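What follows is the residue order along each chain.
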Amino acid sequence: MKSRTPKVLHAIGGRSLLGFALAAGQELRPRRLAVVVRHERETVAAHATELVPGVVVVDQDQVPGTGRAVQCALGVLDAKEEAGRAHGGGTDRISGPVVVTAGDVPLLDAGTLGELLAAHEADGNAITLLSTRLADPSGYGRVVRGEDGGVTAVVEHRDATEEQREIDEINASVYVFDAEVLRDALGRVGTQNDQGEVYLTDVVALAHEDGKRVRAVVADDPWLVEGVNDRAQLAAIGAELNRRIVEDWMREGVTVVDPATTWIDVDVTLSQDVTILPGSQLHGTTTVGDGAEIGPDTTLRDVVVGAGAQVVRSHATAAEIGAGANVGPFAYLRPGTVLGDAGKIGTFVETKEARIGAGSKVPHLSYVGDAEIGEGTNIGAASVFVNYDGVAKHRTRIGSNARTGSDNMFVAPVTVGDGAYTGAGTVVRHDVPAGALAINTVNQRNIEGWVLRRRAGTPAADAAQAALDADAGRELSPQARAELARGNHGQAVPRDGNTTEQTGSGTDR
């Protein structure tokens, strides 16, 4: 993989390759589930135990090969059985069927494993292996059959003869062994091969030589046994997995307008009559309710979307969107956002750790962080919930049926009561009682003739002069005309006669 990440921890469809193997194994309800680790042992073991608490982690020693990996696992599992017997349960060592799979075959499902196990038990086989047929079997171990159709050997590609390389049936590295047969054969497997490894496949030939019954079940779908060895294969299998997921959801009553640009993870849940528009990605444990519409160009991760909601060209993570709510376009819902039923988070709005009540709206150009907003409230455009003082985060609380003006700053911690109003441009630093109006008042002053004096010759000055000339009812005050005549660029006199000092920078902009 040419990666710092162990191969089996690379992911498709929101799940690691190892995660797929463990999930399929769990569905068989085995007496024990074990994972053999070696490369990047600590990282892989931690991931396995996180996914399946209680999984048996087996360390492979320095002897290489798949056969040695299984042999190490048998030793650990036998020891656990013996320990169980000492406490009044278990046996001296494991017996019965042992299922062995690879950690890099993500499309292998529990249904296929179940069929393999059922065939093994029904036929009384010593070994039952899974195979498939490929037009180009290069690189894979070949399944060699006898005249009766039974399997006589599995030969790795690099060890195969030219005649054996013509065989198109390949080994999928998925087996069911009788425990006693497996244990005995592994004790006799050597390393006389091209790679000097203990091959698990050699157990097949030894069992055949011992007169044991060895059979292969052919998987008609080669994708089920396709392995991952590089990132190109990872992408190809990921695309095939996604194609199957999308098709399955469409057959369950979900409308996917453009399957080629829609990505849905394995743990996503969709209800009937959901519509997914092009360019959308649903990741993690995202759940979408009946009749909701997602997209286009929307990414949701671990989001709950209520029935009938719409999410358009937006990005959300670990958020909840109520039934009938509207989000977007171009909204960003960060973790902890909860939008109530029939609420709205509109264009260019960012939210974080914000609970927005039913029917409340944050329509556009705002940041709402660490906040609680009641029901039926409207937040004016360009509002900012100022939640961080440089050391700690603080919360803002706005009541129900409140109306806040545009360009407001809510400097937390602060509370705006039920039914309160705030004026445009207000900086709310103190609590606003229920039903009150909060405003910041600043007198506006107009400095006449400023553009004609300070921006002479610009298009703005030309337009202003033309407008003044055309407006017969509007004249500069006598003081302003006198200033213009003197060419004084340091002062301007407004109509009220008050002199305002202009310094050139700052207010001139």
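Quantities reported herein were computed from a predicted structural model and do not represent experimental measurements.

Trainee: Let's hear about the overall build of the protein chain: which residues, and what values?
Mentor: In terms of regular secondary structure, the protein chain is built from ten helices and 38 strands. Since a compact globule built from 509 residues should have a radius of gyration of about 23 Å, the 36 Å found for the protein chain marks it as more spread out than a globular shape. Its C-alpha atoms give the protein chain principal-axis dimensions of roughly 120 × 55 × 45 Å. A buried classification covers 43% of the 509 residues belonging to the protein chain. For the protein chain, the proportion of contacts with a sequence separation of at least 24, taken over those separated by at least 6, is 36%. Here the protein chain displays about 25100 Å² of accessible surface, and carbon together with sulfur accounts for 49% of that area. Of the charged side chains in the protein chain, 48 are positive and 69 negative, and the gap between their average positions amounts to 7 Å.

Trainee: Please provide a residue-by-residue account of the pairing of strand β8 (residues 151-155), values included.
Mentor: Of all the five residues making up β8, five are buried; the element is thus mostly covered by neighbouring parts of the structure. Strand direction decides the pairing type here: strand β7 (residues 142-145) and β8, joined by four bridges, are antiparallel. Residue pairing across strands places V143 opposite V154, the latter belonging to β8.

Trainee: Mind laying out the pairing of strand β6 (residues 127-133), listing which residues take part and the relevant values?
Mentor: Within a regular strand, side chains alternate between the sheet's two faces. With six of its seven residues buried, β6 lies for the most part within the structure. In terms of strand pairing, β6 meets strand β9 (residues 169-178) through six bridges, oriented antiparallel. Bridged to I127 within β9 is F177. Bridge count for β6 against strand β10 (residues 214-218) is five bridges, and the pairing is parallel. Within β10, the position partnered with S131 by the bridge is V218.

Quick notes on the rules
- Residue positions within a chain follow its written sequence, with the count starting from 1.
- pLDDT decides what is reported in this predicted model: residues at 70 or higher carry local features, side-chain atom pairs at 80 or more are listed and counted, and totals for whole chains, interfaces and linings draw on all residues regardless.
- To get the side-chain values, take all heavy atoms of the structure and skip hydrogens and water.
- Secondary structure counts use DSSP, requiring at least four H or I residues in a row for a helix and at least two E residues in a row for a strand, with both numbered from the N terminus.
- Values of the radius of gyration come from C-alpha atoms, whereas the globule rule sets the reference at 2.2 Å times the count of residues to the power 0.38.
- Under the scheme applied here, a residue whose accessible area is under 20% of the maximum for its type counts as buried, over 50% as exposed, and between as partly exposed, the area being computed with a 1.4 Å probe on protein chains only.
- We call two residues contacting when some pair of their heavy atoms lies within 4.5 Å.
- Accessibility throughout is a Shrake-Rupley quantity obtained with a 1.4 Å probe, and a residue counts as covered only by protein chains that appear here.
- Counted charges follow a simple rule, with Lys and Arg positive, Asp and Glu negative, and His plus the chain ends left uncounted.
- Throughout, a charge is located at the NZ atom of Lys, the CZ atom of Arg, the CG atom of Asp or the CD atom of Glu.
- Being paired, for any two strands, means DSSP has found at least two bridges between them.

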